[in-house]
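A look at the structure
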Amino acid sequence: MRSANAHCRWDVPWWSSAGWGEETVAYASTCDGDLYYVGKVHDTATDGAFVFFESWPSTGYFKSQPSYGEWVQFTYYDNNSFAYFRLCKELISWPYTRTCATTGSNYGF
């Protein structure tokens with residue numbers, strides 16, 4: 001499984017991919033130090049699963065709405081601090097198996 005790159009490295013946005021899903025900034029200026037991160041997640045595979053983004057900033061836990069093939073935008077309060085994040089996919093039906101890319105980190109929102 002491929003790891004996902006961080007989505008902000010100070011003021012530089014990065015694109016993340018795990019082969020079955022991707023995440024990127026919703027607009028380049030989101031890495032601007034305004035205390036919020038605005039991204040979007042996309043399910044790129046037709047494998048019976050949905051894709052979502054989850055993060056652990058200093059402010060707690062965040063999970064995006066799922067993507068079923070479309071780009072889904074999300075916003076969360078990141079407090080301009082270090083955070084861990086990853087892309088995950090979960091089967092839509094039983095056994096609801098979850099698979100996640102290697103956890104990445106980011107800083108400088």
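Residues numbered from 1 in each chain as written. Predicted model: local features only at pLDDT ≥ 70, side-chain atom pairs only at ≥ 80, totals over all residues. Heavy atoms only, no water.

**Digging into the side chain of Ser-67**
Where we set the bar: Secondary structure elements follow DSSP: runs of H or I of four or more residues count as helices, runs of E of two or more count as strands, with numbering from the N terminus. Categorising residues by exposure relies on relative accessible area from a 1.4 Å probe, with only protein chains included: less than 20% of the type maximum marks a residue as buried, more than 50% marks it as exposed, and the intermediate range marks it as partly exposed. Pairs of N or O atoms within 3.5 Å make up the polar contacts considered here, provided that, within protein, one atom can donate a hydrogen while the other can accept it, and that residues adjacent in sequence are counted only when both atoms are side-chain atoms. Throughout, a contact is declared for two residues whenever any of their heavy atoms are within 4.5 Å.
With respect to the secondary-structure elements, Ser-67 resides in the loop between β7 (62-63) and β8 (71-77). By relative accessible area, Ser-67 is classed as buried at 0%. At a separation of 2.9 Å, a polar atom in the side chain of Ser-67 contacts the main-chain amide nitrogen of Asp-43. At 3.3 Å, the side chain of Ser-67 and the backbone nitrogen of Gly-69 are in polar contact. In contact with Ser-67, other than residues within four places in its own chain, are Val-41, His-42, Asp-43, Phe-50, Val-51 and Val-72.

**Observations concerning the state of the cysteines**
Cut-off, in case you're wondering: For the purposes of this analysis, a disulfide is any pair of cysteine sulfur atoms at a distance within 2.5 Å.
Using the criterion set out here, one finds one disulfide in the structure. The disulfide that involves Cys-88 links it to Cys-100, with 2.1 Å between the sulfurs. Linking Cys-88 and Cys-100, the disulfide has an S-S dihedral of approximately 105 degrees and is accordingly described as right-handed. With Cys-88 in strand β9 (residues 83-91) and Cys-100 in strand β10 (residues 98-100), the pair connects residues that are twelve residues apart, well separated along the chain. The pair Cys-88 / Cys-100 is uniform in exposure class, with both members buried.

**Observations regarding a nonpolar patch on the surface**
Rules: Every patch collects residues that have over 30% relative accessible area and no salt bridge, joining them within 9 Å if they carry like charges and within 5 Å if they are nonpolar side chains (Val, Leu, Ile, Met, Phe, Trp, Tyr). Calculation of accessible area relied on Shrake-Rupley with a 1.4 Å probe; when residues are assessed, cover is drawn exclusively from the protein chains displayed. Whenever Lys or Arg places a side-chain nitrogen within 4 Å of a carboxyl oxygen from Asp or Glu, that contact is recorded as a salt bridge.
Together, Trp-56, Tyr-61, Phe-82 and Tyr-84 give the surface a local cluster of nonpolar side chains, amounting to about 420 Å² of exposed area. With respect to the secondary-structure elements, Phe-82 resides in the loop between β8 and β9. Relative accessible area serves as the criterion here: at 39%, Phe-82 is assigned to the partly exposed category.

**Remarks on the pattern of salt bridges**
Side-chain pairs of opposite charge can arise whenever the charged atoms involved come near each other. Here the structure, examined in full by the defined rule, presents four salt bridges. One salt bridge connects Lys-89 with Asp-47, and the closest N-O pair in it is separated by 2.9 Å. With a gap of 42 residues between them, Lys-89 in strand β9 and Asp-47 in the loop between β5 (36-43) and β6 (49-56) connect regions that are remote in the sequence. Salt-bridge contacts for Arg-98 lead to Glu-54; the nearest nitrogen and oxygen are separated by 3.8 Å. Residue Arg-98 is located in strand β10, and its partner Glu-54 is located in strand β6; the two are separated by 44 residues in the primary sequence.

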